[in-house]
Protein chains: 2
Amino acid sequence: MTTLAERRIDRYRTRTDGVAPLIRRTDPAVWGKTDSPVLRRFDADGYTVLDALLSPAETAELAAEMDRLESDRDLRSDERVVIEKKSDRVRSVFEVHRISPAVAELARDERVAGLARQVLGSEVYIHQSRVNYMPGFDGAGFYWHSDFETWHAEDGMPLPRAVSLSIALTDNLPYNGSLMVIPGSHRFFVPCRGKTPDEHYRESLREQRVGVPSEEHVTELAGGRGIVQFTGAPGSALLFDSNVMHGSANNITPFRRSNIFLVFNSVENALEEPFAASAPRPAYVAARDFTPVR
Amino acid sequence: MTTLAERRIDRYRTRTDGVAPLIRRTDPAVWGKTDSPVLRRFDADGYTVLDALLSPAETAELAAEMDRLESDRDLRSDERVVIEKKSDRVRSVFEVHRISPAVAELARDERVAGLARQVLGSEVYIHQSRVNYMPGFDGAGFYWHSDFETWHAEDGMPLPRAVSLSIALTDNLPYNGSLMVIPGSHRFFVPCRGKTPDEHYRESLREQRVGVPSEEHVTELAGGRGIVQFTGAPGSALLFDSNVMHGSANNITPFRRSNIFLVFNSVENALEEPFAASAPRPAYVAARDFTPVR
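Residues numbered from 1 in each chain as written. Chains lettered and ligands numbered in written order. Predicted model: local features only at pLDDT ≥ 70, side-chain atom pairs only at ≥ 80, totals over all residues. Heavy atoms only, no water.

1. Observations regarding the confidence of the model for chain A
And step 1. Chain-level pLDDT for chain A is 94 on average; 96% of the residues reach the 70-or-more range.
And step 2. Taken over the whole predicted complex, pTM reads 0.92, whereas the ipTM for its chain interfaces reads 0.90. (pLDDT = per-residue confidence, 0-100.)

2. Some remarks on unusual backbone geometry
Residues and elements named next belong to chain A.
And step 1. Although it is not a glycine, R15 adopts a positive phi angle of roughly 60°.
And step 2. Relative to the helices and strands, R15 is located in the loop between helix 1 (4-7) and strand 1 (23-24).
And step 3. One non-glycine residue, F137, lies in positive phi territory at about 70°. (Helix = DSSP H or I, 4+ residues; strand = E, 2+ residues; numbered from the N terminus.)

3. A few points about the relation of the copies chain A and chain B
And step 1. If you rotate chain A by 180° and push it 0.0 Å along the axis, it lands on chain B with an RMSD of 0.0 Å. With respect to symmetry, the two chain copies, as superposed, fit the operation of a two-fold axis.
And step 2. Looking at the interface residues of chain A, 100% of them are also at the interface in chain B, so both copies use one shared face. (Least-squares fit on C-alpha atoms with pLDDT ≥ 70 in both. Contact = heavy atoms within 4.5 Å.)

4. Let's talk about the pattern of salt bridges
A side chain of one charge can pair with a side chain of the opposite charge if their charged atoms are brought near each other.
And step 1. Applying the stated criterion across every chain, the model contains 42 salt bridges over all chains.
And step 2. Taking the shortest distance from any N to any O, the salt bridge between E58(A) and R111(A) comes out at 2.6 Å. Within this pair, whereas E58(A) is found in helix 3 (residues 56-70), its partner R111(A) is found in helix 6 (residues 110-120), the two being separated by 53 residues in sequence.
And step 3. For E58(A), a relative accessible area of 31% gives the class partly exposed.
And step 4. Using a relative accessible area of 33% as the deciding quantity, one classes R111(A) as partly exposed.
And step 5. Close ionic contact of D88(B) with R76(B) constitutes a salt bridge, the shortest N to O distance being 3.4 Å. Here D88(B), found in the loop between strand 3 (81-83) and strand 4 (90-94), pairs with R76(B), found in the loop between helix 3 (56-70) and strand 3; they are 12 residues apart in sequence, far enough to count as distant.
And step 6. On the accessibility criterion, R76(B) (22% relative accessible area) is partly exposed. (Salt bridge = Lys/Arg side-chain N within 4 Å of Asp/Glu carboxyl O. Buried < 20%, exposed > 50% of the residue type's maximum accessible area, 1.4 Å probe, protein only.)

5. Let's talk about the interface of chain A and chain B
And step 1. Every contact between the two is made by 22 residues of chain A and, on the other side, 22 residues of chain B.
And step 2. Here chain A meets chain B over a buried area of about 1,900 Å², counting both sides, of which 69% is carbon and sulfur.
And step 3. Along the contact surface separating chain A from chain B lie 0 salt bridges.
And step 4. Secondary-structure elements contributing two or more residues to the side of chain A that touches chain B are strand 6 (142-145), helix 9 (215-225) and strand 12 (246-248) of chain A. (Buried area = accessible area lost by both parts, 1.4 Å probe.)

6. So, the packing of aromatic side chains
All names here are of chain A.
And step 1. Applying the stated criterion to the full structure yields 12 aromatic pairs over all chains.
And step 2. Plain terms: the ring middles of Y12 and F189 are 5.2 Å apart, the flat faces sit at 65° to each other, and that makes the pair edge-to-face. Separated by 177 residues along the polypeptide, Y12 in the loop between helix 1 and strand 1 and F189 in strand 9 (residues 188-189) bring together distant segments of the chain.
And step 3. Geometrically, the ring pair formed by Y125 and F290 is edge-to-face, given 5.1 Å between the ring centres and 65° between the ring planes. Of this pair, Y125 sits in strand 5 (residues 124-134) while F290 sits in the segment after strand 13 (257-266); the two residues are 165 residues apart in sequence, bridging distant segments of the chain.
And step 4. Judged by its relative accessible area of 28%, F290 falls in the partly exposed class.
And step 5. Feature note: the residues Y12, F148 and F189 constitute an aromatic cluster, connected by ring pairs.
And step 6. The positively charged end of R130 is found above the aromatic ring belonging to F261, 4.2 Å away from the centroid. (Phe/Tyr/Trp six-rings, centres within 6.5 Å; stacked < 30°, edge-to-face > 60°. Lys NZ or Arg CZ within 6 Å of the ring centre and 35° of its normal.)

7. Brief notes about the packing of helix 5 (residues 101-108) of chain A against helix 6 of chain A
Residues and elements named next belong to chain A.
And step 1. Running from amino to carboxyl end, helix 5 crosses helix 6 at an angle of 45°, the nearest separation of the two axes being 4 Å. Put simply, helix 5 runs oblique to helix 6. For the pair helix 5 and helix 6, contact is made by L106, A107 and R108 and by E110, V112 and A113, respectively.
And step 2. A per-class count over the contact of helix 5 with helix 6 returns 4 nonpolar, no polar and 2 charged. (Axes fitted to C-alpha atoms, helices over the stretch in contact; angles between N-to-C directions. Parallel < 35°, antiparallel > 145°, perpendicular 65-115°, else oblique. Nonpolar A, V, L, I, M, F, W, Y, C, P; charged D, E, K, R; others polar.)

Here you go:
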């Protein structure tokens, strides 16, 4: 019996037996018109920084709302809440746009969904949303990865036609675990070695062991244009391609780092069966409701 | 029976049963004359950056020598070599000034020992020397600590009259685990909770569990003047007080970070019995040969 994935032609093969070479991406990064400086930077680098996407008042309101969620004892037993291994603190809340009306409103905002539509050249829907609380002192980092690699392998996202927006709720400083990006890495798909274990998401949302690029591939990518860190004040944001290589160090400073993540996928790129996993991940991690954001 | 430590008046009590308040340091930071911009900055901040302490040629020669040590298979079984837990790579080589004639020469250099004599206002000897190799990809960070806290508790260093010089052999970047310092923290001694286990150094040179400041104390210190990161090109150096609070995040980048550390102590501050440990640490970690550097 051949599975659907085996019958499909897969230009982004991953979770391979051995180490496979980098695959040059043929799909565009900007699927609409590249007609603004923001879109041109995004196209060239795989990301762009938006210095003051939200006003201080908007940011403060959102931050207060996220603080409320974090201290909501009832929410801790919700499967959408990820608890940090070491500290027993809340690390992430997934599907936060369904939990918080304020985030739902933010996602619909023209500055947010409108920008995603420009990048993806179509109507968009929310593939994933979450708030990440990186605590001070023992905030765990996240090793290098391409989101698309996981979304393709484990969620069945056909093409890298999705875009993420990370909005800073607290200062993102050079030394509190801020996101590092390899500029230009979105042009290369990095096949990762190893079979996806069943229910891999239960572990991988905290610490990833499969879907990890080789050191040689990361070195090759970073050898081109180095590494850039996203730093900024609350209300600033990083718009980044689904396939850009990124990661973060741990945070031992007293300064926590909280960000809201919104991932938009093109309605023309709706999820299918996973390309390299036995079963799709739950809908709170990878939505299967493809209703356009309006 | 009262021990020597119990009979001594100890202004820097640590490894206490409960959490004790910060102790304001009454000893100076600069024990000689504060008669240069470098010494004035050091006095005010507890550290100072020396942009090009060594020439590119000197630095390249030292770096090559340290690479030779790192790949010396015979040296791996030497007790002075610390192997990184996770990766099995060499993390540090202690007493490197006795292993490498080039480092011995460096330590005698007027730009190095002369500077230490100016800070400490006396003849100086080498309390500790080491090379740290922080590998890329899985370089472990080091949590906040004051060196003097350990040297006082475990080595019997009476007063904070020692100074460290960290010389960059590779780029120290904002995102490859570079040292973070809390400016002004050298003015406060942070008592740490917990009894020192026997042979604590075997574990603590890799990962410290005792002699760790409380989160409240670090927050209090960083609440004043924040955090500063030492970044610089190969050949640049950080001169820092023995009691300044410092630490580092992990390094997931492909860019390794190697530094030589030289610690000078005043000959008038020679080691006694440990103030809070059952036995002194080995001489390769805390020298008991107080011969002045000449």
